[in-house]
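# A closer look at the structure
In case you want the letters, here they are:
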Amino acid sequence: MGDVDGDGRAERFWLPGPTDGDESGPVYAEGHDGRYTELPLADGLSGQIGDINRDGYGDLVTGAPYDASLGSSPSTHRGGEIQVLYGSAQGIAPGQKPQIIHQDTPGVPGSGENGDQFGMSLAVGDTNGDKFADVLVGAPWEALGSVKGAGQATLLRGSATGLTATGSLAYTQDTSGVPGTAESGDLFATSTHLVDVTKDGKAEVIVGAPGENLDGLLWTARGSAAGPVTSGSTTISGTGAGLTREYTEIDFGEALPGAHSTV
């Protein structure tokens, strides 16, 4: 839900997940009559809304993480992708062609590989206080060298011209200042969230890694005028949060309020 036409009321969007003939997931917008209309050029299994270009209208960001290697529609880029539909005084028109960003987009860190699941999680928020919404994208199955399923979160910047890879940043457990070490199956960035915890106008980055050890963890980095600061960033594990493991793994950090696809 979000206001994409600037009338002060939130519009609703429905992303039902994979369907016959559209494994990347159709996207529907609710009209004023309560009926849903498909946005035929858009795909996604999860979505978030924020004002990326600061024009006063919310923009819809969707994640389409499944590529052909996972049995998905071959129209999805290798490794997964995100799509952006921009709001206006008329809302989001059904015929609008989305902006598509993936790991092979110039300026985006890394490269698209089979099964990375870039776009599995999404979060939208202003991390540096410039009033442009940024987008934090999770690719939990990103391999770091021979370390499979280590995971990576990528921060894309909002700007007057829309979402851009210029100045984008990637975070893993091997990033300087991030506690811990990337290991196979950590699934770092299975969930992502941007929220201004300190109320200074700059959203903090929160990332879940449910495969870390047997209890999972959350990583948090504070926002600043230069963007998220890894120095002094912190983690908390499931057991550190007071959870007790009995018969199975705790998977702490598997879900956060940011968009997270579970299909």
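Up top is the structure these notes are about.
Summarised in this report is the structure supplied together with it.

To continue, consider the overall build of the protein. Of the regular secondary structure elements, the protein holds zero helices and 16 strands. In terms of C-alpha radius of gyration, the protein reaches 18 Å, essentially the compact-globule figure of 18 Å for 263 residues. Overall, the protein is about 50 × 45 × 35 Å in size when its C-alpha atoms are taken along their principal axes. In the protein, which comprises 263 residues, the proportion classed as buried is 51%.

Here we take up the sheet that holds strand β12 (residues 191-195). With antiparallel pairing, the four strands of this open sheet are ordered in space as β12-β13-β14-β15. The open sheet is flanked by β12 and β15 (229-237), the only strands paired with a single partner. Going from strand to strand, the sheet's axes swing by 20° on average, the running direction of each strand aside.

Ile52, Val61, Ile82, Val135 and Leu163 are the most contacted members of the largest nonpolar core, which totals 18 residues. Looking at this core, the elements with two or more residues in it are β6 (81-85), β8 (121-125) and β9 (134-139). The dominant element in this core, judged by the number of residues it contributes, is β9, at three residues. If we ignore the near neighbours within four places in the chain, the residues touching Ile52 are Asp59, Val61, Val84, Tyr86, Phe132, Ala133, Val135, Gly158, Ser159, Gly162 and Leu163. Ranked by size, the runner-up nonpolar core spans 16 residues in total, among them Leu194, Val205, Ala209 and Trp219.

Before going further, it helps to examine the environment of Ala68. Secondary-structure assignment places Ala68 in the loop between β5 (59-64) and β6. Between the alpha carbons of Ala68 and Gly50 there is a distance of 29 Å; along the sequence they are 18 residues apart.

Turning our eyes to something else, we now look at the side chain of His193. Residue placement: His193 occurs in strand β12. Taking the relative accessible area as the measure of exposure, His193 reaches 16% and is therefore buried. Non-local contacts of His193, meaning those with residues more than four positions away in its chain, are made with Ala123, Leu136, Glu204, Val205, Ile206, Leu256, Pro257 and Gly258.

Counting buried positions along strand β10 (residues 152-157) gives six out of six residues, so the element sits mostly inside the fold. Burial of β10 is two-sided: the residues Gln152, Thr154 and Leu156 facing one way and the residues Ala153, Leu155 and Arg157 facing the other way are all buried. Relative to β10, β9 runs antiparallel, the two sharing five bridges. Paired with Gly138 across the two strands is Ala153, which belongs to β10. Sheet topology note: the β10/strand β11 (residues 164-171) ladder contains four bridges and is antiparallel. Paired with Arg157 across the bridge in β11 is Thr164. Linking two consecutive strands that pair antiparallel, namely β10 and β11, is a turn of six residues; a positive phi of about 110° is found at Gly162 within it.

What follows covers the packing of aromatic side chains. For the coordinates displayed, the defined rule picks out four aromatic pairs. Look at Trp14 and Tyr36: their rings are 6.0 Å apart centre to centre, the planes differ by 65°, and that puts the pair in the edge-to-face class. With a gap of 22 residues between them, Trp14 in strand β1 (residues 13-14) and Tyr36 in strand β3 (residues 36-38) connect regions that are remote in the sequence. For Trp14, a relative accessible area of 45% translates into the label partly exposed. Exposure remark for Tyr36: the relative accessible area of 34% places this residue in the partly exposed category. Between Tyr171 and Trp219 the ring centres are 5.5 Å apart and the planes differ by 45°, which places this aromatic pair in the tilted class. Of this pair, Tyr171 sits in strand β11 while Trp219 sits in strand β14 (residues 217-222); the two residues are 48 residues apart in sequence, bridging distant segments of the chain. The same class applies to Tyr171 as to Trp219, namely buried. Following the ring pairs from residue to residue traces out a cluster consisting of Trp14, Tyr28 and Tyr36.

Reading the values: rules and limits
- Just so you know, the residues in each chain are numbered from 1, in the order the chain's sequence is written.
- Only residues with pLDDT of at least 70 get local features here, since the model is predicted, and only at 80 or more are side-chain atom pairs given and counted; chain-wide, interface and lining totals rely on the full set of residues.
- The side-chain figures draw on all heavy atoms in the structure; neither hydrogens nor water molecules are used.
- Here a strand is any run of E in DSSP of at least two residues, a helix any run of H or I of at least four, and the numbering for each starts at the N terminus.
- The globule rule used for comparison is 2.2 Å times the number of residues to the exponent 0.38, while the radius of gyration itself is calculated over C-alpha atoms.
- Think of it in three bands: residues with accessible area under 20% of the maximum for their type are buried, residues over 50% are exposed, and the middle band is partly exposed, with areas taken using a 1.4 Å probe on protein chains only.
- A pair of strands is labelled paired if DSSP reports no fewer than 2 bridges between them.
- Axes here refer to lines fitted to C-alpha atoms; in helices the fit is confined to the stretch in contact. Angles between the N-to-C directions go from 0 to 180 degrees.
- For this analysis, a nonpolar core means a set of buried residues of the types Ala, Val, Leu, Ile, Met, Phe, Trp, Tyr and Cys, connected via side-chain atoms within 4.5 Å.
- Any two residues having at least one pair of non-hydrogen atoms within 4.5 Å are treated as being in contact.
- We call Phe, Tyr and Trp rings a pair once their centres come within 6.5 Å, taking the six-membered ring for Trp, and we label the pair stacked below 30 degrees between planes, edge-to-face above 60, and tilted otherwise.

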